[in-house]
Amino acid sequence: VFWVGVMANTLIGNWILFLPIMLRLVGELKSVAGHDALTGLLNRRGLRAHINKVLAPGRSVESLSVLLLDIDHFKALNDQHGHDTGDKILAIMGDVMRSLSGPQVMPCRWGGEEFCFVVDRHSGESLLELAERTRREFHRASCAHPGLPSGATVSIGVATMPVDVRFQYSRLVALADAQVYQAKRGGRNRGSSAGS
């Protein structure tokens, strides 16, 4: 009976010591699963969790906006300068977006050379200003890369939808995506908005 008590105390004691470590590891895994390894920005999974918080019942969000960013000629950049330079350009975009983020402006790596901002509580004018600042800052920062003196550019599509019973995030992204194609057709290295 004595040894059974000792074993039980040891096992219980070890579990009590082990539990905080397990909880910390689970938290770290959740964070890693929601972030892009190269840029440190949210990935699509992390962005979905953020949107769910923004649109949670009891929050008064009148509209939601998406700025969808697509680095121009990224495949050619990779082919001509190598994947290390391509990765550096993606990391530069991550740095630029992080510097322009805020409580209502959440940056995300959408996938490949595509990124996005999800914005709530902003006017159309401030969204276009954010798009222009992002475009300018990305070009300036990418020009500083030694292997790319002429820098890289980005095309940006801007879309906003009211948050009501008909709101669908996938439709909002599709609207922004259509504006990215509009910006590319217009010559790239520019922003386009459904309202502009």
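Since the structure is predicted, the reported quantities are computational estimates derived from the model, not experimental observations.

Engineer: Give me the overall build of the protein chain: which residues, what numbers.
Structural biologist: Tallying secondary structure elements over the protein chain gives six helices and five strands in all. Walking the protein chain from its N terminus toward its C terminus, one meets helices and strands in the order α-α-β-α-α-β-β-α-β-α-β. Out of the 196 residues belonging to the protein chain, those deemed buried represent 40%. Long-range contacts, defined here as pairs at least 24 residues apart, represent 66% of the contacts in the protein chain between residues at least 6 apart. Of the accessible surface of the protein chain, which amounts to about 11,300 Å², a share of 59% is contributed by carbon and sulfur atoms.

Engineer: Could you give an account of the nonpolar core, with specific residues and numbers?
Structural biologist: Ranked by internal contacts, the top residues of the largest apolar core, which has 27 residues, are Leu67, Leu69 and Phe117. Secondary structure elements with two or more residues in this core: strand E1 (63-71), helix H3 (74-81), helix H4 (83-99), strand E3 (114-120), helix H5 (124-143) and strand E4 (154-162). The biggest single contributor to this core is H4, with six residues. Not counting residues within four places of it along the chain, the set of residues in contact with phenylalanine 117 comprises Ser65, Val66, Leu67, Leu69, Met97, Leu100, Val105, Met106, Pro107, Leu130 and Thr134. Counting residues in each nonpolar core, the second largest holds 20 residues, with Val61, Trp110, Val118 and Ala159 among its members.

Engineer: Can you explain the pattern of salt bridges? Please cite residues and give values.
Structural biologist: According to the stated counting rule, one finds ten salt bridges in the structure shown. The partner of aspartate 79 in a salt bridge is lysine 75, and the shortest N-O contact between them spans 2.9 Å. On the criterion of helical spacing, the pair formed by aspartate 79 and lysine 75 is a turn pair, its members being four residues apart in helix H3. Residues aspartate 79 and lysine 75 agree in their burial class; the two are exposed. Between glutamate 137 and arginine 140 there is a salt bridge, with the nearest N and O atoms lying 2.8 Å from each other. Placement of the pair is glutamate 137 and arginine 140 together in helix H5, with a separation of three residues, close to one helical turn. If you follow the salt bridges from partner to partner, you end up with Asp70, Asp72 and Lys184 in one network.

Engineer: Account for unusual backbone geometry, with residues named and values stated.
Structural biologist: The residue arginine 188 is not glycine, and still its phi comes out positive at about 65 degrees. Note on placement: arginine 188 falls in the loop between helix H6 (169-185) and strand E5 (191-193). The partly exposed category is assigned to arginine 188, whose relative accessible area is 30%. Backbone geometry at asparagine 189 places phi at a positive 55 degrees, although glycine is not the residue there. Looking at the secondary structure, you find asparagine 189 in the loop between H6 and E5.

Engineer: Tell me about the pairing of E1, residues and numbers included.
Structural biologist: Of all nine residues in E1, nine are buried, a share of seventy percent or more. Side-chain alternation along E1 places Ser63, Ser65, Leu67, Leu69 and Ile71 on one buried face and Leu64, Val66, Leu68 and Asp70 on a second face that is also buried. Bridge count for E1 against E4 is nine bridges, and the pairing is antiparallel. Residue leucine 67 lies in a different strand from E4, and its bridge partner there is valine 158. Relative to E3, E1 runs antiparallel, the two sharing seven bridges. What sits directly across from valine 66, in E3, is valine 118.

About the criteria used
- Residues numbered from 1 in each chain as written.
- Predicted model: local features only at pLDDT ≥ 70, side-chain atom pairs only at ≥ 80, totals over all residues.
- Heavy atoms only, no water.
- Helix = DSSP H or I, 4+ residues; strand = E, 2+ residues; numbered from the N terminus.
- Buried < 20%, exposed > 50% of the residue type's maximum accessible area, 1.4 Å probe, protein only.
- Contact = heavy atoms within 4.5 Å.
- Areas by Shrake-Rupley, 256 points an atom, 1.4 Å probe, with all protein chains shown as cover.
- Core = buried A, V, L, I, M, F, W, Y, C linked by side-chain atoms within 4.5 Å.
- Salt bridge = Lys/Arg side-chain N within 4 Å of Asp/Glu carboxyl O.
- Pairing = 2+ DSSP bridges.

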